[in-house]
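# Observations on the three-dimensional arrangement
Okay, here's what each chain looks like letter by letter:
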Amino acid sequence: MRKTENLILENADFFQIAQEFLESGQQVKFTLKGFSMLPFLRQGDAIWLEAAKYSELRTGDILLVKWKGLFILHRLVFRNRTQLYLAGDNNLFRIEKVSCDDVMARVTRFESKGKQVSAAGAEQRIRGILWFMMRPARWAKYSIAKILRR
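What follows is about the environment of Thr-82. Within the secondary structure, Thr-82 is located in the loop between β4 (70-79) and β5 (83-87). Overall, the relative accessible area of 48% leaves Thr-82 in the partly exposed class. Those residues in contact with Thr-82, other than ones at most four positions away along the chain, are Tyr-54, Val-98, Ser-99 and Cys-100.

Written out as structure tokens, the structure reads:
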């Protein structure tokens, strides 16, 4: 078995190297940082990415994109011929609009709590979109809980 070592890089350096691997047809694996994709993805989960053509992207896919100088990993919630609209699963308000040229990769699978899960299957995409569609109810619950805590 081949031993791998962890390497810690600044985001810009990591994503530049990752883009080279993706463009050569290889998968890239990294450990997730942040909380924007809760409850489906958690900080510390392993994520596998692969390059994807615009025509292959489906609503509900989790994409790595460039947005306003940042690299973000969010869910595709809507698309038209030239634009993609993404949202973090843990976000109640913001939707990021990007062009097809901003897409770096699509998440193919992830590992959470020792279990590997395919992110490309219909079940995961549908769960994510249903969660997105529940945003108004989630916002109402959050607002009520905030009032009750006072």
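Once you've had a look at it, read on.
Attention now moves to helix α1 (residues 11-23). Across its 13 residues, α1 extends 18 Å between first and last C-alpha, which sits within 8% of the 18 Å expected from 1.5 Å per residue. Taken as a whole, α1 has its buried residues at Phe-14, Phe-15, Ala-18 and Leu-22. Down the axis of α1, the buried side of the element spans an arc of 90°, and every buried residue falls inside it. Across α1 from its buried face, at more than 90 degrees, point the exposed residues Glu-20 and Glu-23. For α1, the elements touching its buried residues are β1 (28-31), β2 (46-50), β3 (62-67), β4 and β7 (103-112). A positive backbone phi angle near 90° is found at Gly-25, which sits one or two residues after α1.

Moving on to empty space enclosed by the protein. Counted by the stated rule, this structure contains 1 cavity of 30 Å³ or more. For the largest cavity, the calculated volume is near 40 Å³. Looking at the largest cavity, the residues that line it are Arg-75, Val-77, Ala-87, Gly-88, Asp-89, Asn-91, Trp-131, Phe-132, Arg-135 and Arg-138. Going through the elements one at a time, β4, α2 (122-133) and α3 (135-149) are the ones with two or more residues in the lining of the largest cavity. Per-class residue counts for the lining of the largest cavity are 4 nonpolar, 2 polar and 4 charged.

Cut-offs and rules
- Residues numbered from 1 in each chain as written.
- Predicted model: local features only at pLDDT ≥ 70, side-chain atom pairs only at ≥ 80, totals over all residues.
- Heavy atoms only, no water.
- Helix = DSSP H or I, 4+ residues; strand = E, 2+ residues; numbered from the N terminus.
- Buried < 20%, exposed > 50% of the residue type's maximum accessible area, 1.4 Å probe, protein only.
- Contact = heavy atoms within 4.5 Å.
- Expected span 1.5 Å × (residues − 1).
- Arc of directions from axis to C-beta.
- 1 Å grid on protein atoms, 1.4 Å probe; cavity = no way out; pocket = protein on both sides within 12 Å on 5 of 7 lines; lining within 4 Å.
- Points joined across faces, edges and corners; volume = space filled by probe spheres on them.
- Nonpolar A, V, L, I, M, F, W, Y, C, P; charged D, E, K, R; others polar.

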